[in-house]
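Residues per chain, in single letters:
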Amino acid sequence: MAQKSVQLDRETFSCSICLDLLKNPVALPCGHSYCMNCIKSFWDEEEKKKIYSCPQCRQTFTARPVLVKNTMLADLVEELKKTGLQAAPADHCYAGPEDVACDVCTGRKMKAFKSCFVCLVSYCEKHLQPHYVAAQLKKHKLVEPSKKLQEKICSRHDEVMKMFCRTDQQSICYLCSVDEHKGHDTVSAAAERTERQRELEVSRQNIQQRIQDREKDVKLLQQEVEAINQSADQTVEHSEKIFTELIHLIQKRSSDVKQQIRSQQETEVSRVKELQEKLEQEITELKRKDAELKQLSHTEDHIQFLHNYPSLSALSESTDSSSINIRPLSYFEDVTAAVSEVRDKLQDILREERTNISLTVTEVDVSLSQPEPKTRAEFLKYSCEITLDPNTANTQLLLSEGNRKVTFMKQQSYSDHPDRFTGSYQVLSRESLTGRCYWEVERKGRVIVAVAYKNISREGDESEFGWNDKSWSLDCYNNSFTFWYNNIETRVSGPRSSRVGVYLDHRAGILSFYSVSETMTLLHRVQTTFTQPLYAGLLVGATAELIKVK
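Model, not experiment: these values are computed from the prediction.

Calculation criteria
In this numbering scheme, every chain counts its residues from 1 along its sequence in written order. This being a predicted model, a pLDDT of at least 70 is required before a residue's local features are given, and a value of 80 or more before pairs of side-chain atoms are given or counted; all residues contribute to the totals for chains, interfaces and linings. To get the side-chain values, all heavy atoms of the structure are used, and hydrogens and water are removed first. Strands here are runs of E lasting at least two residues and helices are runs of H or I lasting at least four, both read from the DSSP assignment and numbered beginning at the N terminus. Throughout, exposure labels follow a simple rule: accessible area from a 1.4 Å probe, protein chains only, divided by the maximum for the residue type, with under 20% read as buried, over 50% as exposed, and the rest as partly exposed. Strands qualify as paired when DSSP identifies two bridges or more between them. Orientation is described by lines fitted to C-alpha atoms, with helices fitted over the stretch in contact, and by angles between N-to-C directions that extend from 0 to 180 degrees. Only the six-membered ring of Trp is used, alongside the rings of Phe and Tyr, when aromatic pairs are assigned; centres must lie within 6.5 Å, and planes under 30 degrees apart are stacked while those over 60 apart are edge-to-face, with the rest tilted.

## What about unusual backbone geometry?
Positive phi outside glycine occurs at Asn24, with the angle close to 50°. Within the secondary structure, Asn24 is located in the loop between helix H1 (2–12) and strand E1 (25–27). The exposure class of Asn24 is partly exposed, given its relative accessible area of 40%. Phi is positive for Leu120, which is not a glycine, with a value near 55°. Assignment of secondary structure puts Leu120 in the loop between strand E5 (114–116) and strand E6 (121–123).

Pasting the structure below:
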C-alpha cells in the first residue's frame, strides 16, 4: 500500500510536460501545475498565435498569465523526495522509434497505453485517465495503441470515416456519402464489418477444412516417401548385385579375349620367327658363297678358275618371301573393332534401359531425368539466352552485340578484376547453368566451346578450358574437332559446320556437343556427375557469337 501511495504521489507531483518531478512549480488559473521553465517554453511556441492554453485541459487565456512560484507546492515536493519518491519514470516507459507515442505528452513522450477511435488520439496511461472519469469520454472506443489513426480520417473532408461504399469498395465519411459517392451502395462501417465478419468465418472454416485435408495428404505422402525409400533401397541392392554379376561376366569375357589374343600372338610370332631363322640362315650361306666367289675372282690361274667356277656358281634354292605381308600395328585391328562394337552396343543398350528405368520410376511422381532430345525442335525447347561476363574476358577479347559476341582483338582497356582470365584468350558466361539447357555458337576460325565451374583457375596453362578437371571443351579448328577434359585429348569426327550446339542436363550429368546445319549430328557426349553450377565458356582465335535461337 505504501508503494502505491508513493506512485500516486509521483504522478500527482509530476509535470505533465517533462514528466519529471515539479521544479519551481507554478499554478495556472485553471488549477494545473507545471515546472516554470516547461510552461514558459510551451507558451513561447504559442507566442505567434497569441493564444496561451493549458497543455492538459486546453483552457485558453486571452493574456499571458503571470507566473509565480508556488512555494508551498515546492516545499511539499522536496519533502516527498526524502520519502523515496522516484525522480522520473523508468526508461522503458518512454516511447522508442518502434513504439506508439502519446499524442498529449510534450517534451519526451511516454508510450501510448490506448488509442481512441473517436478522438483519433493515442494516450499514455496518465493522459488516458479522463476517458475513465468523464461521462462523455467513457463512451469512446478505446483500442490497442495504433500508428494508423490518421488513415481513418477522410483526406477530403477531414472527418472520421465511419461508412463504407460497396460500389467503390472503400471507406468514406458521412459527407462523402452525400457528395461524390451519392447514389452509391453505402452502409455503416459496422454493418459492412458484420457482413465481412460472416464471410471471414466462412473463409476460416474453408481454410480449416483445407488444412485438415492437406494434413491427410501430407500423411499419405509421408507414407509414399517411406514406400519409395524402401523400394529404392531394395532395388539398389538388387541392381548392385545384377551389375556386379554383369561386371564379372565382362571381366570373364575380357580375360577370354586376352587369352585368345595372347595365344594367337604366340602362334604368329613363332611362325614369323621360324621364317626369320630360315632367312638368316640363307643370308649366312649367301655371304659365305659371296666370299668364295670373291676369292675365285682374284685367282690368276685361268685353268684353276674354270675348274672351280661351276661348283661355286651354283646357288641353293631361295626361300620364298613373296607371301610376307607387312602390316605394322594392324594385326589385331579386327579384334579391337569387334570389342569396340560390343562396347557401343552395350552403351546403347544401357542408355536405352536407363531411359526405360527413368520412365518407370517417374510413374511414382518422382522427378527424374527425361530422355535426351532427338530433334532440333526438341532441343530448342530448352534453349536459354546466355550473355558473356566482361569481368572474365581476357584483355585481348572484345565483347559486342549485347555481350553475346566475342572477337580476338588488340589489347582492351578492361579494369582489373579477380575473375578475369589472364593466361588464355577466353571468357565465361554471366549466367550459371543448371537443369536442362541448350545453346548454339556461331564461329569463325578456331574456337573452343566449353563449360566450366566458376572456380576454374584464371592464370597459367591450367586455366585453359579442357586442361583441368573443372572444364569440358570441344576444340573446333578447320574441319576437325577435338574434345578435351583434364588435359586428355579425344579425337572427334563429324561433318563440317560453322555452328556448334551444346546440350546440358546438369542433374543427369549429360553434356553433348552437336554439329548444327540442316540436321544435327552428335559430335561427342559426356556422362559424368557435375558437383557445381556450370558456366558457358568460349576460347577465341577469331570470332564467336552466342546465337539467339527460337
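## Re the sheet that holds strand E12 (residues 405–408)
Reading across the sheet, the seven strands line up as E11-E12-E23-E14-E19-E20-E21 and stay open at both edges, with antiparallel pairing between neighbours. Where the open sheet ends on each side, the last strands, each with one partner, are strand E11 (397–400) and strand E21 (520–527). The average angle at which neighbouring strand axes cross in this sheet is 20°, direction not considered. The pairing of strand E19 (residues 499–505) with strand E20 (residues 510–516) spans seven bridges and is antiparallel. Each bridged residue has a counterpart across the sheet, and for Gly501 the counterpart in E20 is Tyr514.

## Some thoughts on the sheet that holds strand E13 (residues 426–428)
Two modes of strand pairing occur in sheets, parallel and antiparallel, and in both the strands are linked by backbone hydrogen bonds. The six strands lie next to each other as E13-E22-E15-E16-E17-E18, forming an open sheet whose pairing is antiparallel. In this open sheet, the two edge strands, each paired with only one partner strand, are E13 and strand E18 (488–492). Strand-to-strand twist of the sheet, defined as the mean angle between neighbouring strand axes without regard to direction, takes the value 20°. Where strand E17 (residues 480–485) meets E18, five bridges bridge the pair, whose relative direction is antiparallel.

## Side note on the packing of aromatic side chains
Counted by the stated rule, this structure contains 14 aromatic pairs. A centroid spacing of 5.3 Å and a plane angle of 40° characterise the contact between Phe379 and Tyr438, whose relative ring orientation is tilted. Linking Phe379 in helix H10 (residues 376–380) with Tyr438 in strand E14 (residues 436–444), this pair joins segments that are 59 residues apart in sequence. The residues Phe379 and Tyr438 share a single accessibility class, namely buried.

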